[in-house]
Amino acid sequence: MIKILLFAELEEKTGKRELSVSMDMTVEEIRKKLLKDYPHVTGLASAMVAVNEEFADESVKVRQGDFIAFIPPVSGG
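All of these numbers come straight from a predicted model, not from anything done at the bench.

Draft legend 1. Seen up close, the overall build of the protein chain. Of the regular secondary structure elements, the protein chain holds two helices and seven strands. Along its sequence from the N terminus, the protein chain presents helices and strands in the succession β-α-β-β-α-β-β-β-β. With the C-alpha coordinates aligned to their principal axes, the bounding extent of the protein chain is approximately 35 × 25 × 20 Å. The buried share of the protein chain, reckoned over its 77 residues, is 38%. Taking the intrachain contacts of the protein chain between residues at least 6 apart in sequence as the baseline, contacts between residues at least 24 apart amount to 53%. Roughly 4,800 Å² of accessible area belongs to the protein chain as shown, and the carbon and sulfur atoms make up 53% of that amount. Here the protein chain contributes 10 positive and 13 negative side-chain charges, whose respective centroids are spaced 5 Å apart.

Put into structure tokens, the structure is as follows:
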């Protein structure tokens, strides 16, 4: 099982802090799945991604037992 962690507005808009998928996928495939499952959550498209606590690009393969985190852009003042 791959655990998907959602932070900030992504958690608020989906109503979920954690999701999971049961097969190995790339970051890009997971992002596309989330965009399909939650089309109203616009922050998913621009969220940064970390796999096992290291920032990752779209081509990184996420495997069983891994954690993937979607971190939306933040601004402050």
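Draft legend 2. Representation of the pairing of strand 7 (residues 67-71). Across four bridges, the pairing between strand 1 (residues 2-6) and strand 7 is parallel. Within strand 7, the position partnered with leucine 5 by the bridge is alanine 69.

Draft legend 3. Quick look at the sheet that holds strand 1. The strand order across the open sheet built from five strands is 2-1-7-4-5, with neighbouring strands paired in mixed fashion. Every interior strand has two partners, whereas the edge strands, strand 2 (18-21) and strand 5 (54-55), have only one. Where helix 2 (residues 27-37) meets the sheet, its contacts fall on strand 1, strand 2, strand 4 (48-51) and strand 7, and the angle it forms with strand 7 comes to roughly 60°.

Draft legend 4. Seen up close, helix 2. Among the residues making up helix 2, those that are buried are Val27, Ile30, Arg31 and Leu34. Buried residues along helix 2 cover an arc of 100° about the axis, so they all sit on one side. Exposed positions of helix 2 whose direction lies more than 90 degrees from the buried face are Lys32 and Lys36. Packed against the buried residues of helix 2 are strand 1, strand 2, strand 3 (25-26), strand 4, strand 6 (61-62) and strand 7.

Draft legend 5. Looking closely at the environment of phenylalanine 67. For phenylalanine 67, the position within the fold is in strand 7. The class for phenylalanine 67 is partly exposed, based on a relative accessible area of 40%. Here the alpha-carbon distance between phenylalanine 67 and isoleucine 4, two residues 63 residues apart in the chain, equals 6.0 Å. Residues in contact with phenylalanine 67, not counting those within four places in the same chain, are Lys3, Leu5, Ala50, Val51 and Asn52.

Scoring rules and cut-offs
- Residues numbered from 1 in each chain as written.
- Predicted model: local features only at pLDDT ≥ 70, side-chain atom pairs only at ≥ 80, totals over all residues.
- Heavy atoms only, no water.
- Helix = DSSP H or I, 4+ residues; strand = E, 2+ residues; numbered from the N terminus.
- Buried < 20%, exposed > 50% of the residue type's maximum accessible area, 1.4 Å probe, protein only.
- Contact = heavy atoms within 4.5 Å.
- Areas by Shrake-Rupley, 256 points an atom, 1.4 Å probe, with all protein chains shown as cover.
- Lys, Arg positive; Asp, Glu negative; His and termini not counted.
- Charge placed at Lys NZ, Arg CZ, Asp CG, Glu CD.
- Pairing = 2+ DSSP bridges.
- Axes fitted to C-alpha atoms, helices over the stretch in contact; angles between N-to-C directions.
- Arc of directions from axis to C-beta.

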